[in-house]
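A look at the structure
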Amino acid sequence: MVRVAGRLVVGVAVGGVSAVGEVVFLILALLGMAVGGRPWVYGVARGLAEFERGRILRFFGQAFTGEFSGERALRYLGVRWLVGGLGLGVLLLMLFGAVNAVLMLVQLARGGSIIEFDAPEGVSWYDPVTYVLFGGLLAFVTIQGMLGVVELDRRLARHFLGPTVQERLQRRVSELTVSRAEVVEAIDAERRRIERDLHDGVQQRIVALGMLLGRARRTDDSGRAAELVRQAHDEAGRALTDLREVTWRVYPIALDTDGLRVALESLAEMAVIPVHLRYTLTERYPSAVEVPAYFVASEAVTNAVKHSGASRIDLAVERVGSAIVVRVTDDGVGGADPRGGGLSGLARRVAAVDGVFTVDSPPAGPTVITARLPCA
C-alpha cells in the first residue's frame with residue numbers, strides 16, 4: 001500500500017514538472033506555427049505525448065494502445081498542462097501540511113504552545129485538538145485531490161491518445177473476422193474428432209459384435225454358440241458405453257435439462273481420476289456461456305486423464321465480476337502445449353464468445369487451464 005501511494009505521488013510530481021516544460025513548448029509552438037514550423041511542432045508534440053503515455057503506464061498502471069497524430073498530441077498537451085499544474089498544487093498543499101505537522105510535533109515535544117492566542121481558561125488541550133482536526137481535514141483533502149489528479153490524468157490521456165471510435169470499430173471488425181474463422185475451424189475440428197471417435201471406437205466394436213454373432217450362427221456346437229452369444233452381449237455393452245461417451249462429448253443432454261452443475265458432476269463421476277468439483281454459481285446462465293464452460297472443463301479433464309499422469313484434478317467454476325471463470329488444475333507432470341489440437345480448439349471456442357483462455361503448465365507441473373467467459 002505504501003509502495004503504491006509512493007508511486008502515485010512520484011507520478012504526479014513527474015507530471016507536474018513535465019507540465020512546466022509543456023507550457024514552455026506550447027508558447028514556442030504558437031510562435032513556430034505562426035512562421036510555418038508546423039512539422040517540427042507536431043513532431044515534438046508526439047514525443048512529449050509519448051513521454052506522458054509512458055509515465056502514466058509506469059506510475060499509474062494504465063496501458064492503452066493506438067496511433068495518434070501530431071495534431072491530437074498537440075491538443076492533448078494544450079489541456080494536460082492544467083492537470084499537471086493541479087497536481088503540483090496538491091503536492092504543495094501536501095508539503096505544507098507535512099511541514100506544519102512536523103512543527104507541531106516539535107513544539108509539543110518541547111512543551112510549548114503551538115500557536116500564540118488566548119485559549120479558554122483551563123483548556124490546555126485546545127491548541128493540539130484544533131491542529132489535529134485541521135491536519136486530518138488537510139490530509140483528507142490532499143489524498144482526494146491526489147486520487148482525482150491521477151484519475152483525470154488517466155482519462156485525459158485515454159481520450160486524446162487512445163484509439164478513436166473508428167479505430168475501435170476497425171479493431172472490433174478484425175476481431176470478429178478472426179473469431180468467425182476460428183469458429184469455423186473449431187467446428188471442422190470437432191466434426192473430425194467425432195468421426196474419429198465413432199470410427200475407432202463404436203464402429204470397431206459393432207464390427208466385432210457382428211463377427212461374434214456370425215460365428216455363433218455358423219457353429220453347430222450349442223455350447224460354443226452360447227459362449228459366442230455371451231461375448232457378443234458383452235461387446236454390445238461396451239459399444240453402448242463408447243457411444244454414450246461420444247454423445248456426452250458431442251453435447252450432454254443434462255446440460256439442457258438440469259444445467260451446468262449436473263453436467264459437471266456427471267463429468268466428474270465418469271473420470272477415472274478423482275475430480276474435485278467446486279461450483280459456486282447460484283443461477284442458470286445462457287447456453288452461450290454454459291456450453292463453452294462445459295467443453296472447457298470436459299476437454300481439460302480428458303487431457304489430464306490421458307497425458308498428465310495426474311492423481312488429482314480440481315475443477316472450479318465461479319463468477320468473478322461480469323465473467324464466469326472455469327479453472328481446471330491437475331497435479332501432473334505439466335508441459336501442456338497450448339498449440340496442441342485440443343487446447344487450441346478450446347482457445348478458439350472461448351474466443352468465439354469474447355472470452356479469455358490461458359494455459360499455465362510449467363515442465364514440473366501443475367497445469368492450470370483457465371477460461372474467462374463474459375456473462376453480462
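Taken N-terminus to C-terminus, the directions of helix 8 (residues 260-270) and helix 9 (residues 287-308) make an angle of 10°; their axes are 10 Å apart at the nearest point. Between helix 8 and helix 9, the crossing angle belongs to the class labelled roughly parallel. On the side of helix 8, the interface is formed by Leu260, Ala263, Leu264 and Leu267, while helix 9 contributes Glu290, Ala293, Tyr294, Ala297, Ser298 and Val301.

Let's shift gears to the nonpolar core. Counting 35 residues, the largest nonpolar core has Leu260, Leu264, Tyr294, Leu315, Val317 and Phe357 as its most contacted members. For this core, the secondary structure elements donating two or more residues are helix 8, strand 1 (275-279), helix 9, strand 2 (313-320), strand 3 (323-330), helix 10 (341-351) and strand 5 (367-374). With ten residues, helix 9 is the largest single contributor of residues to this core. Apart from residues lying up to four places away in sequence, leucine 264 is in contact with Leu277, Tyr279, Tyr294, Ala297, Leu315 and Val317. Ranked by size, the runner-up nonpolar core spans 27 residues in total, among them Phe68, Val83, Val90 and Ala157.

Turning to the pairing of strand 5, a few remarks are in order. Consecutive residues of a regular strand have side chains that alternate between opposite faces of the sheet. Of all the eight residues making up strand 5, six are buried; the element is thus mostly covered by neighbouring parts of the structure. Summarising the sheet, strand 3 and strand 5 pair through eight bridges and their orientation is antiparallel. Along strand 5, the bridge assignment pairs alanine 323 with proline 374. Where strand 4 (residues 356-360) meets strand 5, five bridges bridge the pair, whose relative direction is antiparallel. When the bridges of strand 5 are listed, valine 356 appears paired with arginine 372.

Along strand 3, six of the eight residues are buried, which leaves the element largely enclosed by surrounding structure. Sheet topology places strand 2 next to strand 3; eight bridges connect them, and they run antiparallel. Its bridge partner lying in strand 3, alanine 316 is registered against arginine 327. Where strand 2 hands over to strand 3, the hairpin turn is made up of two residues, of which glycine 321 adopts a positive phi near 65°.

Another point: unusual backbone geometry. A positive phi angle, close to 65°, is found at aspartate 354, a residue other than glycine. Mapped onto the elements, aspartate 354 comes out in the loop between helix 10 and strand 4.

Let us now look at the sheet that holds strand 4. Within a sheet, adjacent strands bond to each other through the backbone by hydrogen bonds, running parallel or antiparallel. Read from one edge of the open sheet, five strands run 1-2-3-5-4, paired in mixed fashion. Since the sheet does not close on itself, it has two edges, and those belong to strand 1 and strand 4, each with one partner. Neighbour to neighbour, the strand axes of the sheet diverge by 10° on average, direction disregarded. Those strands touched by helix 8 are strand 1 and strand 2, and its axis lies near 170° from that of strand 1. In the packing of helix 9 onto the sheet, contacts are made with strand 1, strand 2, strand 3, strand 4 and strand 5, and the angle to strand 3 comes to roughly 10°.

Attention shifts here to the packing of aromatic side chains. This model, assessed by the stated rule, comprises two aromatic pairs. Measuring from ring centre to ring centre gives 6.1 Å for tyrosine 76 and phenylalanine 160, while their planes differ by 50°; the resulting arrangement is tilted. You can see tyrosine 76 sitting in helix 3 (residues 70-110) and its partner phenylalanine 160 sitting in helix 4 (residues 126-161), a full 84 residues away along the chain. Residue class for tyrosine 76 comes out buried when judged on its relative accessible area of 0%. Residue phenylalanine 160 is classed as buried on the basis of its relative accessible area of 13%. For the ring pair tyrosine 294 and phenylalanine 295, a centre distance of 5.5 Å and an interplane angle of 80° mean the geometry is edge-to-face. We note that tyrosine 294, like phenylalanine 295, is buried.

Here we take up a nonpolar patch on the surface. The grouping of Val24, Ile27, Leu28, Leu31, Trp40 and Val44 at the surface amounts to a nonpolar patch, some 560 Å² of accessible area in total. Of the residues forming the nonpolar patch, the biggest block, four residues, is contributed by helix 1 (residues 2-34). Along the chain, valine 44 falls in helix 2 (residues 38-60). The class for valine 44 is partly exposed, based on a relative accessible area of 35%.

Scoring rules and cut-offs
Residues numbered from 1 in each chain as written. Predicted model: local features only at pLDDT ≥ 70, side-chain atom pairs only at ≥ 80, totals over all residues. Heavy atoms only, no water. Axes fitted to C-alpha atoms, helices over the stretch in contact; angles between N-to-C directions. Helix = DSSP H or I, 4+ residues; strand = E, 2+ residues; numbered from the N terminus. Parallel < 35°, antiparallel > 145°, perpendicular 65-115°, else oblique. Contact = heavy atoms within 4.5 Å. Core = buried A, V, L, I, M, F, W, Y, C linked by side-chain atoms within 4.5 Å. Buried < 20%, exposed > 50% of the residue type's maximum accessible area, 1.4 Å probe, protein only. Pairing = 2+ DSSP bridges. Phe/Tyr/Trp six-rings, centres within 6.5 Å; stacked < 30°, edge-to-face > 60°. Patch = residues over 30% accessible without salt bridge, like charges linked within 9 Å, V, L, I, M, F, W, Y side chains within 5 Å. Areas by Shrake-Rupley, 256 points an atom, 1.4 Å probe, with all protein chains shown as cover. Salt bridge = Lys/Arg side-chain N within 4 Å of Asp/Glu carboxyl O.

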